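# Observations on the model geometry
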Amino acid sequence: MLYYILAVIIVIVDQISKWWIAKTMDIGEQIPVINDFFYITSHRNKGAAWGILEGQMWFFYIVTLIVVIVIIYYINTLAKADRLAGWSLGLILGGAVGNFIDRLFRKEVVDFFDVYIGSYDYPIFNIADSSLVCGVILLLAAMFIDEKRKGRSTE
């Protein structure tokens, strides 16, 4: 149940932040947070990560629904025995649903975190994207830890 609560919190914070950006900033408007490194920049994305598959909304609807069903299945099975996997799946679920809501109602995703690493402008992202990335990293860690445990138990 905690994993679903985490997902709901992520969706709420994600949607409130996107609503605020869309309501108060013009597209392309930029607010410096840390000069030459981190900005809040109002941006819209009609595709997936880095704008790939732009305009393929039905594809995103179908893939996201499948992913959400699979995640819910694994939260209900895998997460009972592995809390780290449960937390990671909660993060992934919240991120997937947050961006799905944008695609469904706005027909685009509101992005606003803008990071520069030297001269490289990393693609602008949002809270849902951050949640997805953190969830995937934690899930990989959980899988790695699980494999290590299995390796130790067979020796």
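Here the structure is a predicted model, which is why all the values come from computation and not from measurement.

### Side note on the UniProt feature "transmembrane region" (unreviewed entry) in the chain
What UniProt calls "transmembrane region" (unreviewed entry) maps, in this numbering, to residues 58-75, 84-102 and 122-145. The annotated region residues 58-75 carries 100% helix and 0% strand content, and the separation between its end C-alpha atoms amounts to 26 Å. Each end of residues 122-145 is marked by a C-alpha atom, and these two atoms are 30 Å apart; helix forms 79% of the span and strand 0%.

### Quick notes on a nonpolar patch on the surface
Side chains of Val 33, Ile 34, Phe 37, Ile 117, Tyr 120 and Tyr 122 sit close together on the surface and give an oily, nonpolar patch of about 580 Å² of accessible area. Examined against the element boundaries, Tyr 120 turns out to sit in strand β4 (residues 120-121). You can call Tyr 120 partly exposed: its relative accessible area is 44%.

### Examining the sheet that holds strand β3 (residues 109-117)
On the basis of which strands lie adjacent, the open sheet formed by 4 strands has the order β1-β2-β3-β4 and antiparallel pairing. For this open sheet the edge positions go to β1 (30-34) and β4, each flanked by a neighbour on one side alone. Alignment of strand β2 (residues 38-45) against β3, held across 6 bridges, turns out to be antiparallel. Bridged to Arg 44 within β3 is Val 110. Together, β2 and β3 form the strand contacts of helix α1 (residues 2-24), whose direction differs from that of β3 by roughly 85°.

Conventions we followed
Throughout, a residue's number is its position along its own chain's written sequence, starting from 1. Per-residue local features of the predicted model are confined to residues with pLDDT of at least 70, and side-chain atom pairs are confined, for both listing and counting, to 80 or more; whole-chain, interface and lining totals are unaffected and use all residues. Derived side-chain values reflect all non-hydrogen atoms in the structure, with water molecules and hydrogen atoms excluded from consideration. UniProt positions are given in the numbering used here, feature names are shortened, and annotations may be inferred rather than shown by experiment. Segments assigned H or I by DSSP are reported as helices when at least four residues long, segments assigned E as strands when at least two residues long, and all are numbered from the N terminus. Only residues whose relative accessible area exceeds 30% and that form no salt bridge are eligible for patches; like-charged ones are grouped when within 9 Å, while nonpolar side chains (Val, Leu, Ile, Met, Phe, Trp, Tyr) are grouped when within 5 Å. Only the protein chains shown count as cover for residues, with accessible areas throughout obtained via the Shrake-Rupley method and a probe of 1.4 Å. Think of a salt bridge as a Lys or Arg side-chain nitrogen and an Asp or Glu carboxyl oxygen that are within 4 Å of each other. Note on classification: 1.4 Å probe, protein chains only; a residue is buried when its accessible area is under 20% of the maximum for its type, exposed when over 50%, partly exposed between these limits. By the convention used here, strands pair only if DSSP detects at least 2 bridges between them. By the convention used here, residues are in contact when the closest approach between their heavy atoms is within 4.5 Å. Note on definitions: angles span 0 to 180 degrees between N-to-C directions of axes, and those axes are lines fitted to C-alpha atoms, for helices only across the stretch in contact.

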